[in-house]
Structures are given as structure tokens and as C-alpha cells.
Amino acid sequence: MIWNEIKSKICTPAPDPRYQAYLTKRPVAFIVNGQPVTRHWVIGPYDGLKVLARDLRVDATTRAAFHNACYGRRETDIAPTGPQPSGGFRKPMATAIPHPVNPALIAQRVVDPNPTPRRSDLYDVFADFYSKKTLEAHHIVEKSILGDLGRNKGDLRNDIAPCVLAMAELHQQVYTPAVAGFRASFTPGMTSVAQATLLTTIYSTLYASTQMADLLEIATIIIGQVRLGKPT
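Residue positions are counted from 1 within each chain, in the order its sequence is given. Where totals are concerned, whole chains, interfaces and linings use all residues; where local detail is concerned, this predicted model gives features only for residues with pLDDT of at least 70, and gives and counts side-chain atom pairs only at 80 or more. The side-chain quantities take in all heavy atoms of the structure and omit both hydrogens and water.

### Section: the nonpolar core
And then number 1: Val42, Ile43, Phe66, Tyr71 and Tyr203 are the most contacted members of the largest nonpolar core, which has 56 residues in total.
And then number 2: Strands are runs of DSSP state E lasting at least two residues, helices are runs of H or I lasting at least four, and both sets are numbered from the N terminus onward. Of all the elements, helix α11 (residues 213–227) adds the most residues to this core, at seven residues.
And then number 3: Should any heavy atoms of two residues lie within 4.5 Å, those residues are counted as being in contact. Those residues within four positions of Phe66 in sequence are excluded, and the remaining contacts are Pro15, Asp16, Tyr19, Ala21, Leu23, Val42, Leu52, Leu56 and Tyr71. To qualify as a nonpolar core, a set must consist of buried Ala, Val, Leu, Ile, Met, Phe, Trp, Tyr and Cys residues joined through side-chain atoms within 4.5 Å. A 1.4 Å probe rolled over the protein chains alone gives each residue an accessible area, and that area as a share of the maximum for its type sets the label: buried under 20%, exposed over 50%, partly exposed in between.

Here it is, written out as C-alpha cells:
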């Protein structure tokens, strides 16, 4: 089973038995207040991570259990607490003027420096909105693509498929848009080998950062099952 392989090869036991959520074994390096710190991605089934995301907002015990969790590529990518943001950002963004990028924000990507700013680096209204959004469960291999291929069964069923808990901005503004354009490339009648080859192209790029090596490894496990024509 896909989940058995992921948990045995990539994850450590659940840090809190109340949740179906596991930390990846490979550490992700950050600098916090001038000191090196390591964190770990949180992996779990979609429905399980949705529960954890909600509890991280309100439960100090839950936050303590996942104190060394990684939710993004910067040390400031931490689980938000308090009330959800009200309204949205689209209307105020229509008249917002971008401000200069703070180089210190870019420098937080310790392992893989990336000069491309986030929209939240440029617009305060965008940053404020996403800093308060609850963490989101991101399907490590996009559920819509697996659905198109008829592979969202068994361990890859939408509600239990392998996901990573991530900042809402990372999920909505990076992961999902990066994959969306490839859906049309999956055509009827493709062999399972062709499907797997295209998936490999997509996810070896999306998770190219060494900070995301564990996500790439999980994606590779899932793609391996697709190559075999599974789940069926």
C-alpha cells in the first residue's frame, strides 16, 4: 500500500496520537534569530490534515506537539492563530501599489535562495490576508489530475490521499497554479507509462527545491503506482 511505504521510508511516527499526521525524517534548515533550526514537513491523509489545521489555530497542546513542523520555505511560515481573516484581498489589491522587496525576506530561503518575490512581499494587504489563513492540506500529486486519470482510488482516494500541510499562500499561489496548466496534457488513451512520465516532468520541477526533497520522494512513490497501472 502507498501509505505503508510513505510512513516507513519517509516519515517518523505521529507526534500526537490524536492526529493522522507524520513528520518527514529529512530536516529542512532555517535560521531563526540568528540560530540554525531544523523543521520537518507534516504529511498525512487529506481529511486528517484538515482537522489538524483547524486545531493548530486554537489548541496550544497541538501546537506544542508540532513545534518543529515546516509549513513553507521561510522561517516565518508558521501556523496562524486567532480569528480567520474577514473579507478578501481582491478589491483592495485593485488599487494597491507594490512596495520595494525586503532582501531579508528573500534571504530566508536558506537552502535554495530564490530571488523571485511572493505577492505578499510586494503588497501588505495580500500579506495580511494570507498570514491569517488557516494552513491547507495540499495533495502532493494533484487530486484533479489523479481524478482525470482514474487513479483516485484506494490510498489515492481524494479524502485519504497523501498531502502536506502548507501555508495557504504557498498552496493557492504556487502549487495549484503550477500544476493547473498541465491538465490538458493528459489525453484519453494515454498508457500508464506515458501518464507516469508526464507526472514525473511536472513534479520533478514543482518539488525541485532541496527543501522539498521529501515531497518529491512521496510524489515519486505515487507516480510509481501510476506507472504500474494502479490503483485500478
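### Topic: unusual backbone geometry
What is expected of a backbone is that most residues other than glycine have negative phi and most peptide bonds are trans.
And then number 1: Going from Lys230 to Pro231, the amide bond is cis rather than trans, its omega being -15°.
And then number 2: Topologically, Pro231 is positioned in the segment after α11.
And then number 3: Phi angles above zero are rare outside glycine, and Asn33 is one such case at about 55°.
And then number 4: You can see Asn33 is positioned in the loop between β2 (28–32) and β3 (35–45).

### Here's the deal with the environment of Pro85
And then number 1: Position of Pro85 among the secondary structure elements: in the loop between β4 (69–70) and α4 (90–93).
And then number 2: Counting along the chain gives 44 residues from Pro85 to Phe129, while the straight-line C-alpha distance between them is 6.1 Å.
And then number 3: The residues touching Pro85, leaving out its near neighbours within four places in the chain, are Phe129, Lys132 and Lys133.

Bear in mind that shape data such as this cannot, by itself, settle questions of function.
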